[in-house]
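Residues per chain are reported as follows:
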Amino acid sequence: MVVGGIAGNLMSLGAIDFGLLVDGAVVMVEGLAHARRHDEPLEEAAAGLARPVFWSVLVILLVYVPVLTLTG
């Protein structure tokens, strides 16, 4: 944002934080908790969730690109 000269306001910074960091982590933790309750291997559960979490975070990032390019 500094390189692009984009002001850091609460909307843009909050979107980046919650959209990119928290959402993926919540999905992964919930999936691992589900696997643990059903006595499934955690490594397999994490590997099965990694690809969908990656794509969901990528979609969220793409949705917020226009927000980060706004000026004023």
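As the structure is a computational prediction, the values presented were derived from the model and not from experiment.

Trainee: Please explain the overall build of the protein as it appears in this structure.
Mentor: Across its full length, the protein holds two helices and zero strands. Put simply, of all contacts in the protein between residues at least 6 apart along the chain, 48% involve residues at least 24 apart. Roughly 5500 Å² of accessible area belongs to the protein as shown, and the carbon and sulfur atoms make up 70% of that amount.

Trainee: Just to check I follow, could you spell out a nonpolar patch on the surface for this structure?
Mentor: Among the surface-exposed residues, Phe18, Leu21, Val22 and Val26 lie close enough to one another that they form a single nonpolar patch of about 370 Å² accessible area. Topologically, Val22 is positioned in helix α1 (residues 10–37). Looking at Val22, the relative accessible area reads 32%, which means it is partly exposed.

Trainee: Even after reading the chapter, I still don't get unusual backbone geometry, so can you show me in this structure?
Mentor: Note: most residues except glycine have negative phi, and most peptide bonds are trans. Of note, Asp39 is a non-glycine position whose phi angle comes to about 55°, a positive value. Among the secondary structure elements, Asp39 is positioned in the loop between α1 and α2 (42–69). Looking at Asp39, the relative accessible area reads 72%, which means it is exposed.

Trainee: Mind showing me how you'd approach the packing of aromatic side chains here?
Mentor: Any aromatic ring pair is given by two values, namely how distant the centres are and how the planes are angled relative to each other. Per the counting criterion, the structure on display carries one aromatic pair. Note on Phe54 and Trp55: the rings are 5.2 Å apart at their centroids and 75° apart in plane angle, and the pair reads as edge-to-face. When its relative accessible area of 45% is taken as the criterion, Trp55 is described as partly exposed.

Trainee: Quick question: what am I supposed to make of a negative patch on the surface here?
Mentor: A cluster of acidic side chains, namely Asp39, Glu40, Glu43 and Glu44, defines a negative patch on the protein surface. With respect to the helices and strands, the residue Glu40 is situated in the loop between α1 and α2. We classify Glu40 as partly exposed; its relative accessible area is 40%.

Trainee: Help me understand α2 in this model?
Mentor: Working note: α-helix, 3.6 residues per turn, so residues spaced by three or four point in the same direction. The terminal C-alpha atoms of α2 lie 39 Å apart, and with 28 residues this matches the ideal 40 Å at 1.5 Å per residue to within 8%. Helix geometry: α2 is bent most strongly at Ala50, by close to 30°, with proline Pro52 lying one to four residues after it. Those residues of α2 that sit buried are Ala45, Val53, Val57 and Leu68.

Trainee: Is there a simple way to explain the environment of Val57 in this structure?
Mentor: Considering the arrangement of structural elements, one finds Val57 in helix α2. Leaving out residues up to four positions away in the same chain, Val57 has contacts with Leu20 and Gly24.

Conventions and cut-offs
- The written sequence of each chain sets the order in which its residues are numbered from 1.
- Residues qualify for local features only when their pLDDT is at least 70, as the model is predicted, and side-chain atom pairs are given and counted only at 80 or more; totals for whole chains, interfaces and linings, by contrast, use all residues.
- The basis for the side-chain values is all heavy atoms of the structure; hydrogens and waters are excluded.
- A run of H or I in DSSP counts as a helix once it spans at least four residues, and a run of E counts as a strand once it spans at least two, with each numbered from the N terminus.
- Between two residues, a contact is recorded if the distance between any of their heavy atoms is within 4.5 Å.
- Note on areas: these come from Shrake-Rupley sampling with a 1.4 Å probe, and a residue is covered only by the protein chains present in the view.
- Think of a patch as exposed residues, more than 30% relative accessible area, with no salt bridge, where like charges cluster within 9 Å and nonpolar side chains (Val, Leu, Ile, Met, Phe, Trp, Tyr) cluster within 5 Å.
- Salt bridges are identified by distance alone: a Lys or Arg side-chain nitrogen within 4 Å of an Asp or Glu carboxyl oxygen.
- Burial status follows relative accessibility: with a 1.4 Å probe on protein chains alone, a residue under 20% of its type maximum counts as buried, one over 50% as exposed, and anything between as partly exposed.
- Note on ring pairs: Phe, Tyr and Trp rings are taken, using the six-membered ring of Trp, and paired if centres are within 6.5 Å. Classes follow the plane angle, with under 30 degrees stacked, over 60 edge-to-face and the rest tilted.
- Charged-residue counts in this description rest on Lys and Arg as positive and Asp and Glu as negative, His and the chain ends being excluded.
- Think of each charge as sitting on NZ of Lys, CZ of Arg, CG of Asp or CD of Glu.
- By this rule, a helix spans an expected 1.5 Å times one less than how many residues it contains.
- In this analysis the local bend is the angle between axes fitted, respectively, to the seven residues ending at and the seven residues starting at the residue.

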